[in-house]
Amino acid sequence: MKRHIPNLITLLNVFCGCIAVVFAVLNQLEFAALFVFLGIFFDFFDGLAARLLKVQSDLGVQLDSLADMITSGVVPGIVMFQLLGMSETGGWNAGGFMEAGSAAGNISMVFRPLPLLGFVITMASAYRLAKFNIDENQVSSFIGLPTPANTLLILSLPLILFHNGSDILSGIILNQWFLIALTFLSAYLLNSKIELFALKFKNWGFKDNALRYIFIVLSLVLLVTLEYLAIPFIIAFYIIASVVVKLGGNK
């Protein structure tokens, strides 16, 4: 029975991802974010459970990536779709990429392709997850931004709008060019050659895990002080710190 426990936790990630997809499609982005966070929680603990129970398997690896494809691949693509739609017409409930219009008394449908650009994130996530499954060099570190981290970055945008919103922030987040640039930056980071440290502790000693402890403490401080606005800063620090440590180790 114990060899199925990690897979059951992974399936809970799938379940949360499916619910998040429904809420994202309905433009209920706060609820979508809630279930994504819950799914990422299960994503972290399925691997931990497999290691503690010593029941790692190829099936678990494949299942984990399939779960991530939903929670950290499909959902952020839909969220970016919605944000791009908001920047044009107000989001899914206001027409999405198909908007009703009229000309000379005739009702017509106006096709708006821009929101579909959000699914570049989904395609980039799929490519990254496929590469990850056949890459044996990403055991103690990651090459490219992990899909859960990228998802947190994308999901932070509507949360910032709802909870940390100001006219300046709203103007930036709902700017089409900002969203387009972030979409392509996200796709690049997912499949870049940047080596990033993993939050995997082989022991609890500070010397061997100094960067991880500093990252966790700083992340908690930022979350307490800045709330959801902290997430982009945490992701940026994660990337910059990894690059600096890598460059320092190569000297």
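Let us look at the structure shown here.

## Here we look at the overall build of the protein
Each helix and strand counted, the protein has 9 helices and 4 strands in total. Going residue by residue from the N terminus, the α and β elements of the protein occur as α-α-α-β-β-α-β-α-α-α-β-α-α. Burial status across the protein gives 42% buried among its 251 residues. Excluding contacts between residues fewer than 6 apart, the proportion of contacts in the protein whose partners are at least 24 apart in sequence is 72%.

## A few points about the environment of Thr-89
Inspection of the secondary structure assignment puts Thr-89 in the loop between helix H3 (58–88) and strand E1 (98–103). For the pair Thr-89 and Arg-112, spaced 23 residues apart in sequence, the C-alpha to C-alpha distance is 9.4 Å.

## What about the layout of surface pockets?
In this structure, the second largest pocket spans a volume of roughly 350 Å³. Forming the walls of the second largest pocket are 16 residues, and the residues nearest its centre are Leu-153, Phe-178, Leu-182, Pro-232 and Phe-233. Contributions of two or more residues to the lining of the second largest pocket are made by helix H5 (147–163), helix H6 (167–173), helix H7 (176–190) and helix H9 (230–250). Looking at the lining of the second largest pocket element by element, the count peaks at 5 residues for H9.

## Focus: helix H4 (residues 119–134)
Spanning 16 residues, H4 covers 24 Å between terminal C-alpha atoms, matching the ideal 22 Å at 1.5 Å per step. Those residues of H4 lying buried are Val-120, Ile-121, Thr-122, Ala-124, Ser-125, Arg-128 and Leu-129.

## Focus: the packing of aromatic side chains
Under the definition given, this model contains 11 aromatic pairs. An aromatic cluster is present here, built from Phe-41, Phe-42, Phe-44 and Phe-45 joined pairwise through their rings.

## Quick notes on the environment of Asn-13
Residue placement: Asn-13 occurs in helix H1 (residues 5–25). You can call Asn-13 buried: its relative accessible area is 0%. Measuring from C-alpha to C-alpha, the distance between Asn-13 and Asp-64 comes to 8.6 Å, with 51 residues separating the pair along the chain. The contacts of Asn-13, once residues within four sequence positions are left out, are Gly-39, Ile-40, Phe-42, Asp-43, Ala-67, Asp-68 and Thr-71. Here Thr-71 takes part through its side chain, which lies 2.8 Å from a polar atom of the side chain of Asn-13.

Calculation criteria
- Residues numbered from 1 in each chain as written.
- Predicted model: local features only at pLDDT ≥ 70, side-chain atom pairs only at ≥ 80, totals over all residues.
- Heavy atoms only, no water.
- Helix = DSSP H or I, 4+ residues; strand = E, 2+ residues; numbered from the N terminus.
- Buried < 20%, exposed > 50% of the residue type's maximum accessible area, 1.4 Å probe, protein only.
- Contact = heavy atoms within 4.5 Å.
- 1 Å grid on protein atoms, 1.4 Å probe; cavity = no way out; pocket = protein on both sides within 12 Å on 5 of 7 lines; lining within 4 Å.
- Points joined across faces, edges and corners; volume = space filled by probe spheres on them.
- Expected span 1.5 Å × (residues − 1).
- Phe/Tyr/Trp six-rings, centres within 6.5 Å; stacked < 30°, edge-to-face > 60°.
- Polar contact = N/O pair within 3.5 Å; in protein donor to acceptor, adjacent residues only side chain to side chain.

That is the geometry; function is a separate question.
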